[in-house]
Amino acid sequence: MTDSQHNDVVVLGAGVSGIYQIKRLTDLGLDAIVLEADEDLGGTWYRNRYPGARFDSESYTYGYSFSKELLDEWHWKERFSPQPENLRYLNYVADKFDLRRHMRFGARVVGMSWDEEGRRWHLHLQGGETRTARFVVTSVGVLSIPALPEYEGLDDFEGDAFHTYWWPKEPVPLAGRRAGVIGTGATGIQVIAEIAGQVADLTVFQRRPNWSTPLNNAPISEAEMDGIRARYDEIFANCASTAGGFEHLADRRGFWNVSREERVALWDRLYETPGFALLAGNFPEIYFDEAANREISDYVADRIRRRVNDPAVAEKLIPKDHGFGTQRLPLETHYFEAYNRDDVHLVDLRETPIERFTSNGIQTSVAHHDLDLIVLATGFDAITGAFDRIRIRGTEGRLLSDKWRDGPSTYLGLLTHGFPNMLMVAGPQSVSGSTNFPRAIEGGVDWVTALLAFAYEHGHTRLEVHAEAERDWVEEVKRIHEGLLLRRSRGWFTGYNANVAGHGAGRVRYQAYFGGAPRYAQFLARAAAGGYPRIEKS
Ligand code: NAP
């Protein structure tokens, strides 16, 4: 193996996390490279080009905070910026800091094995190439492995059919076409609202409805952007102080200490406030107190009833199997009003399941739906999916996918015992899946960078977390999870995903940490203090 195939650090993935990670590592003077499977950078924002794809974090809380110059230069045009603009932003960042020269595209890592003697990872790329690295930082994304449904005849359909993640770069004609959308998560809800009225006819195939509240998007003028720029320090400090990593402040008056009228007055205001206001600006009791959760759920259900003309359709759109805020909340723009159109139809798959795809549509138990275009908004093999796609062999040849078969086990979502020198940004059991993503990953990247700087400074060539430290973290993850009503929900947050083979329907995988951003940040700080005491270094 020649020297050119070895790096101090290999970063896997050039999405939001990988871009920042390579910036920090190269600033440190390390010989680092990003290997990206796609043909260009951007990750989530490179892939998800479906109609309606946009942030649901306020744009100015989503951008990187590390460069004042960048903050001063970039003008977010909308409060919740759309995918093309987000991809432009990531390209702008990469070009501004000349990061592309550290990135290799079309480089899909399919295997990684730990070489104990050489204290390095051997990376195996699709196509047969191998490389080595002292350290590997995974930034492979939490929602980067799309999950396809397993319907009979899926390949028989002769029209266009795309999973939203693989939506083509070329414009997909909508006008005059009969479209079907399967899935009503955050993605489906965005697509449905966007294409209703653009296509000739739209049928939504819904298995379980989701709660959803208004995004309340708006343009950001030059003057407003100036105000935002002047406030950036405060904005990021606010985000760091709240559980979700947003600016919305929870109402701490006590759910039961105020009258019902006062609660409704708050909710009326939050419903009109942009972003996750109704979720994050609410009384924290809604997350753990059944009665409080029922009351807010009833409130949101009434809002849906007021917006949907047909009461029978409204009832189908109201979740009955989980309370408000116990699954990842999709935000919407005129989503419920779409169902008031004559050319939008709702098929409830719990009443009339899909039997198969046909050459020209979808057959349910009662009817055939003629379609020209099928949108599969069926979600992802979330959080651990991207790890499972790489054969990662740690000490004694153990496979990570075996270790994590019943669910991930990590230290702070950043390291896992038995896999030395592998660091994870946005890893399982971190807050990356459960809070404002870039805010979370900046903390993760900074921590990883500091650990690597420490290792190089002290001449350590092997880092491995103690098994006991990992056990303690998994206990913390479970304890927090079990205290919240979301423990019973079936969304991707909890790892319950009936759509992903091998996960075992109904089994919780404890794959995200719900202790909130500030608590997590405290754990990170304590883990680093005194020279990373719970990491074995040599
Ligand atoms: P998701 O939340 O997992 O939703 C998948 C949907 O597909 C669910 O409604 C699910 O129904 C349905 N489904 C899955 N398999 C099916 C099948 N075989 N037949 C019928 N329906 C099926 O996935 P997502 O909507 O792509 O969202 C994932 C996450 O991506 C979001 O929660 C969010 O974190 C992120 N996201 C963010 C944004 C943003 O920031 N603006 C936008 C989009 C997505 P069940 O509920 O019954 O399983």
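This text goes with the structure placed above it.
Report on the accompanying structure.

1. Re the pairing of strand β13 (residues 354-358)
- As paired elements, β13 and strand β14 (residues 361-364) share 4 bridges and run antiparallel to each other. Opposite I354, over in β14, you have T364 as the bridge partner.
- Connecting the antiparallel pair β13 and β14 is a turn made up of 2 residues.

2. Quick notes on the site of the ligand
- Taken together, 24 residues lie around the ligand, and R54, D56, Y151, T187 and W492 are the ones closest in.
- In the model, an oxygen atom of the ligand is placed 2.9 Å from a nitrogen or oxygen of the T184 main chain.
- Computed on the free molecule, the ligand has an accessible area of 910 Å², of which 87% lies beneath the protein chains in the complex.
- Among the elements that take part in the shell around the ligand, helix α6 (residues 186-195) stands out by supplying 3 residues, more than any other.

3. Regarding the packing of aromatic side chains
- Evaluated as defined, the whole model comprises 38 aromatic pairs.
- Ring geometry for Y271 against Y299: centres 6.4 Å apart, planes inclined by 80 degrees, an arrangement best described as edge-to-face. Note that Y271 is positioned in helix α9 (residues 260-271) and Y299 in helix α11 (residues 290-307), a separation of 28 residues in sequence. Across this residue pair, the class does not change: Y271 and Y299 are buried.
- Ring-pair connections join several aromatic residues into one group, and the members of that group are Y20, W45, F55, Y62, Y64, F66, W74, W76, Y89, Y92 and F97.

4. A word on empty space enclosed by the protein
- In the structure shown here, the tally under the stated rule is 5 cavities of 30 Å³ or more.
- If you go around the largest cavity, the residues you meet are L414, M424, V425, A426, G427, S430, V431, S432, A440, I441, G444 and Y520.
- For the lining of the largest cavity, the element with the most residues is helix α16 (residues 437-458), which contributes 3 residues.
- The class makeup of the residues in the lining of the largest cavity is 8 nonpolar, 4 polar and no charged.
- Taken together, V16, W45, F55, Y62, G63, Y64, N86, Y89 and L90 form the lining of the second largest cavity.
- Considering each element in turn, the lining of the second largest cavity owes the most residues, 3 residues, to helix α5 (residues 83-96).

5. Considerations on the pattern of salt bridges
- Evaluation of the coordinates by the stated rule reveals 47 salt bridges.
- With its nearest N and O atoms 2.7 Å apart, the salt bridge here joins E116 to R462. Of the two residues, E116 sits in the loop between β4 (109-115) and β5 (120-125) while R462 sits in the loop between α16 and β19 (463-465), which places them 346 residues apart along the sequence.
- Here R341 and D343 are joined by a salt bridge, their closest N and O atoms 2.8 Å apart.
- Residue classification places D343 among the buried residues on the basis of a relative accessible area of 18%.
- One connected set of salt bridges, linked through shared partners, spans D38, E39, R47 and K169.

6. Thoughts on the side chain of S409
- Within the secondary structure, S409 is located in the loop between α15 (400-403) and β18 (422-424).
- When residues no more than four places from it in sequence are discounted, the contact partners of S409 are K403, W404, T416, Q429, E470 and V474.

7. Re unusual backbone geometry
- The phi angle at R119 is positive, at roughly 50 degrees, despite the residue not being glycine.
- Since its relative accessible area comes to 24%, R119 is described here as partly exposed.
- In this model, N421 sits at a positive phi of 60 degrees, which is unusual for a non-glycine residue.

Rules used throughout
- Residues numbered from 1 in each chain as written.
- Predicted model: local features only at pLDDT ≥ 70, side-chain atom pairs only at ≥ 80, totals over all residues.
- Heavy atoms only, no water.
- Pairing = 2+ DSSP bridges.
- Helix = DSSP H or I, 4+ residues; strand = E, 2+ residues; numbered from the N terminus.
- Near = heavy atom within 4 Å.
- Polar contact = N/O pair within 3.5 Å; in protein donor to acceptor, adjacent residues only side chain to side chain.
- Areas by Shrake-Rupley, 256 points an atom, 1.4 Å probe, with all protein chains shown as cover.
- Phe/Tyr/Trp six-rings, centres within 6.5 Å; stacked < 30°, edge-to-face > 60°.
- Buried < 20%, exposed > 50% of the residue type's maximum accessible area, 1.4 Å probe, protein only.
- 1 Å grid on protein atoms, 1.4 Å probe; cavity = no way out; pocket = protein on both sides within 12 Å on 5 of 7 lines; lining within 4 Å.
- Points joined across faces, edges and corners; volume = space filled by probe spheres on them.
- Nonpolar A, V, L, I, M, F, W, Y, C, P; charged D, E, K, R; others polar.
- Salt bridge = Lys/Arg side-chain N within 4 Å of Asp/Glu carboxyl O.
- Contact = heavy atoms within 4.5 Å.

By themselves, these figures tell us nothing about what the structure is for.
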